[in-house]
Amino acid sequence: MELLQLENRLIQLRAKLNDRKIKLWEMPYLTAERNIDEAEVLRLAEQLGPELGIPTGLCMQGLKALQRNALEKLQSKDEFQRMGIATVKIRAPTQAGSNREFDLKVKITELGSHLCELIGQRLSLDPRKLKLVCAGKIITNGHSLQEQKVTNGSTIMALVMTHSAVEAKRECSTYDRVYKIRADAEILINENDSSNFLSVEDQSGNAIFLPKEEKKSLLMGLTLYEKGKAAMMVRNFEEALLLFLEADHDFRACKSELLDVIDNNALLNLDIVWCYLCLKNLNQLPDAEQRLKLCELKFQQSYGKNMQRVTAIRGEQSNEKIPLVRLHLLKAILYFYQNKRDDARTMFRVVETELLKLRIDDDCLSRLMECGYSMKECRVALRACTNDVEASIEFIHNRRQTREANEVRSERERKLYKTIGHDVSSGEFQRIKLELVDQLMEMGYPEELAALALKKNPKDINAALNELETNKEGLQNRLLRTVSVNEELERQLEAVGFHSQIVQVALKLTANDYDRATNYLLANVKDGIYSEALQRAVAELNRERTSSDFISTEEGTPPTSNISSEKPSSSKRAARSTNPADEAKMQENKRKKEMLDILFKSFSQDIRTTDEDSHLDLQLDEESKLLEQYKQLLDMD
């Protein structure tokens, strides 16, 4: 608090000097020999001190500090213009919450690694355990400072590993952990083809489909963001900030308009500025102001101005005001350090009103938790329903039902697209309306054929109907190419006495529906004789496999044997199992899967501590404390 009061006085003093256009680096406050004129500075202190309510002695000290700072800036500016030597301010946050501050001189043509070495020498630390952040971007070792927009007067935050005994034993810096997290995320996302791991959904659980590379960037950003939130929850702000900045880099690689309407990017910027504040760097990084402006713009795009979009979609019961409290608080603190006192007071009053409205009644919380709901569910519901217990119960049930319904719908959609071979990562991808699929199913068409018919004309049900009437066999042939046979169902049908090849045809044509496949086989196999439709389907399957084998041979891969209708699949599987190459491949895939499972469990451990509602469940205790601190500094009642 004393530090804040001192900063407050310096800000007031600097503002007063600017208002009166007093230049402490010129005469009469400097002599002709460029020395401080003590008498003139004392006279100025005696004049300004009473106006600002500051004792003359303290005002004198403040003026001298500002004068020294101005002279140092002039000197560094001259050095930069003549020799390209920049003076940069280094701020190294400590675990105690304070900062070690010092200036360094460095040529801007030097690499980032050289600056790391200089800072490491000054802090008596291994340079490899330092990560530098300037203007919201991580300084890389392999590029020059000039290329990375580091210039004279830049403020650089030097993040270092925590120095607890446990961390020392690990011999692992914060940066090492962040690097490993990113490498693990890349392995998981690449191996799962950006589809099975951290699937992309909106806030209601609806699936979102994107081009492959864009989805990969978005998934990487979301993954690193989740890991950063987990680090922030345990107050490891250094690691959280690095992860957030890495996530920000990946979000910027996304070209999709999706980022303009989802709130993840806005929340990320909000969390970055919160880390600046917790690391005592808010007033030093101009990046904070730009991020808050971007955050506010994104919130307006996602929620609508004055929350109109949220109100239209979810009604008045909304928790989206929670992140707005933090946004408004950070804006107020930024105004404070910019000496916009009236704007700061106005914004702090807004925050005070919002905090009062979002206060949770302890009795209501206890009553709701007695019903068996989690603490997080209860807090979110009570804030949304202004402490009305009955309304909160209905709110929780509605949210659960909506999410469950959307998750079922999304899973059905993903499965259906996989069945019909609808490439969601293609730039030409068009979403198929499940409502139209349902309408065609009501007319008696199977789901997968209805979806295939709509694939060509996603919004035209009449064209889909015409396709189903005139090209049913053509649609079925596509299923023979896209559907992967369920081996368990294949074994069950073979046990009944059907041959492998026709079992596979039946399961492909019915999208692995056991009952429908059984009915298809009974209808098309009479006394060992296949119907014409089944024979054509078998011939089409053989043509498809012959074509696939030819492509494999061209690429240098040994072809697999065509399946003969005279040999049951048990013989086929026995032959496969004795193939050394196939056996080795199966073992390799098994080891790879085990490795990925272990990596996923380890990687996702922290992510499980956060969820999609974490930004709506802030306890707001820290916000309340900061509000009171700055109200005192501004003499607010």
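This is a predicted model, so every value here is computed, not measured.

> Even after reading the chapter, I still don't get the packing of aromatic side chains, so can you show me in this structure?
Aromatic ring pairs are described here by two measures, namely the spacing of the ring centres and the angle between the planes. Summed over the entire model, instances satisfying the criterion amount to five aromatic pairs. Aromatic side chains Tyr 337 and Tyr 630 sit 6.2 Å apart centroid to centroid with 80° between the ring planes, which places their arrangement in the edge-to-face category. Here Tyr 337 is found in helix H12 (residues 321-337), whereas its partner Tyr 630 is found in helix H27 (residues 621-633), with 293 residues between them in sequence. Residue Tyr 630 is classed as buried on the basis of its relative accessible area of 2%. On the numbers, 5.9 Å between centres and 15° between planes, the contact of Phe 348 with Tyr 630 is stacked. Within this pair, whereas Phe 348 is found in helix H13 (residues 341-357), its partner Tyr 630 is found in helix H27, the two being separated by 282 residues in sequence. Summarising the burial analysis for this pair, Phe 348 and Tyr 630 share the class buried. An aromatic cluster is built from Phe 336, Tyr 337, Phe 348 and Tyr 630, whose rings are joined through pairwise contacts. Note that Lys 229 overlies the ring of Tyr 225, its terminal NZ or CZ placed 5.0 Å from the centroid. Of note, Arg 326 hangs over the ring of Trp 274, and the distance from its end group to the ring centre comes to 3.8 Å.

> Can you help me understand helix H15 (residues 375-384) in this one?
Each full turn of the α-helix corresponds to 3.6 residues, which orients residues three or four apart in the same direction. Within H15, seven of the ten residues are buried, which leaves the element mostly enclosed by the surrounding structure. Among the residues of H15, those classed as buried are Cys 378, Arg 379, Val 380, Ala 381, Leu 382, Arg 383 and Ala 384. Along its buried surface, H15 packs onto H12, helix H14 (362-369) and helix H16 (389-420). One or two positions beyond H15, positive phi appears at Thr 386, with a value near 45°.

> Explain the pairing of strand S3 (residues 130-134) here, please?
Counting buried positions over the five residues of S3 gives five, a clear majority of the element. Going residue by residue along S3, you find Leu 130, Leu 132 and Cys 134 tucked away on one face and Lys 131 and Val 133 tucked away on the opposite face as well. Bridge analysis of S3 against strand S5 (residues 155-160) gives five bridges, and the strand direction is antiparallel. Counted as the bridge partner of Leu 130 is Val 160 from S5. Count of turn residues in the S3/strand S4 (residues 137-138) antiparallel hairpin: two residues, of which Ala 135 carries a positive phi of about 55°.

> Explain the confidence of the model for the chain to me, please; I cannot follow it from the model alone.
Of the residues in the chain, 75% have a pLDDT of 70 or more, and the chain-wide mean is 78. Counting interchain partners and residues more than four positions distant, the pLDDT-below-50 stretch residues 550-578 has 30 contacts.

> Teacher, can you tell me more about unusual backbone geometry here?
The bulk of non-glycine residues show a negative phi, and the bulk of peptide bonds are trans. The linkage connecting Met 27 with the following residue, Pro 28, adopts the cis geometry, with an omega of 15°. Structurally, Pro 28 is set in the loop between helix H1 (2-19) and helix H2 (38-52). For Thr 386, which is not glycine, the phi dihedral falls at a positive 45°. Tracing the backbone through its elements, the reader meets Thr 386 in the loop between H15 and H16. Overall, Thr 386 belongs to the exposed group, its relative accessible area being 60%. With a phi angle near 65°, Asn 387 is a residue other than glycine that sits in the positive phi range. One can find Asn 387 in the loop between H15 and H16.

> Teacher, can you tell me more about the pairing of strand S1 (residues 85-93) here?
Each regular strand shows side chains that alternate between the opposite faces of the sheet. Taken across its nine residues, S1 has eight buried, putting it largely inside the fold. Both S1 and S5 contribute to a ladder of three bridges, which runs parallel. Following the sheet pairing, Ile 90 is matched in S5 by Ile 156.

> Where do I start with the side chain of Glu 354 in this structure?
Secondary-structure assignment places Glu 354 in helix H13. Although Glu 354 lies buried, it forms no salt bridge, and the closest oppositely charged side chain, Lys 357, sits 7.8 Å away as judged by the N-O distance. Here His 328 takes part through its side chain, which lies 2.9 Å from a polar atom of the side chain of Glu 354.

> Would you explain the packing of H12 against H13 in this entry?
Two quantities define a packed helix pair, namely the angle between the axes and the distance from one axis to the other. Between H12 and H13, the shortest axis-to-axis distance is 8 Å and the interhelical angle comes to 160°. As far as their axial angle goes, H13 and H12 are roughly antiparallel. Crossing of H12 over H13 shows left-handed handedness. Side by side, H12 and H13 meet where Leu 324, Val 325, His 328, Leu 329, Lys 331, Ala 332, Ile 333, Tyr 335 and Phe 336 of the first sit next to Arg 341, Asp 343, Ala 344, Met 347, Phe 348, Val 350, Val 351, Glu 354 and Leu 355 of the second. Its residues assigned to classes, the contact of H12 with H13 shows 13 nonpolar, one polar and four charged.

> Hey, could you run me through the packing of helix H20 (residues 472-482) against helix H22 (residues 500-509) in this one?
Here H20 crosses H22 at 110°, and the two axes come no closer than 8 Å. With respect to their mutual orientation, H20 and H22 come out roughly perpendicular. Between H20 and H22 the crossing geometry is right-handed. Each of Gln 476, Leu 479 and Leu 480 in H20 lies in contact with H22, whose residues at this interface are Val 505, Lys 508 and Leu 509. Of the residues that constitute the contact of H20 with H22, the class distribution is four nonpolar, one polar and one charged.

> Is there a simple way to explain the side chain of Glu 467 in this structure?
Residue placement: Glu 467 occurs in helix H19 (residues 461-470). Glu 467 gets classed as buried once you look at its relative accessible area, which sits at 13%. Apart from residues lying up to four places away in sequence, Glu 467 is in contact with Ala 453, Lys 456, Lys 472, Leu 475 and Arg 478.

> Looking at this model, I keep getting lost on H19. Mind explaining?
Taken together, the buried positions of H19 are occupied by Ile 461, Ala 464, Glu 467 and Leu 468. Looking down the long axis of H19, one finds its buried residues gathered within 115° of arc, a one-sided arrangement. Opposite its buried face, H19 presents the exposed residues Asn 462, Glu 469 and Thr 470, each directed more than 90 degrees away. Packing partners of the buried residues in H19 comprise helix H17 (434-442), helix H18 (447-456) and H20.

Conventions adopted
Residues numbered from 1 in each chain as written. Predicted model: local features only at pLDDT ≥ 70, side-chain atom pairs only at ≥ 80, totals over all residues. Heavy atoms only, no water. Phe/Tyr/Trp six-rings, centres within 6.5 Å; stacked < 30°, edge-to-face > 60°. Helix = DSSP H or I, 4+ residues; strand = E, 2+ residues; numbered from the N terminus. Buried < 20%, exposed > 50% of the residue type's maximum accessible area, 1.4 Å probe, protein only. Lys NZ or Arg CZ within 6 Å of the ring centre and 35° of its normal. Contact = heavy atoms within 4.5 Å. Pairing = 2+ DSSP bridges. pLDDT = per-residue confidence, 0-100. Lys, Arg positive; Asp, Glu negative; His and termini not counted. Salt bridge = Lys/Arg side-chain N within 4 Å of Asp/Glu carboxyl O. Polar contact = N/O pair within 3.5 Å; in protein donor to acceptor, adjacent residues only side chain to side chain. Axes fitted to C-alpha atoms, helices over the stretch in contact; angles between N-to-C directions. Parallel < 35°, antiparallel > 145°, perpendicular 65-115°, else oblique. Left-handed = near helix turned anticlockwise from the far one by under 90°. Nonpolar A, V, L, I, M, F, W, Y, C, P; charged D, E, K, R; others polar. Arc of directions from axis to C-beta.

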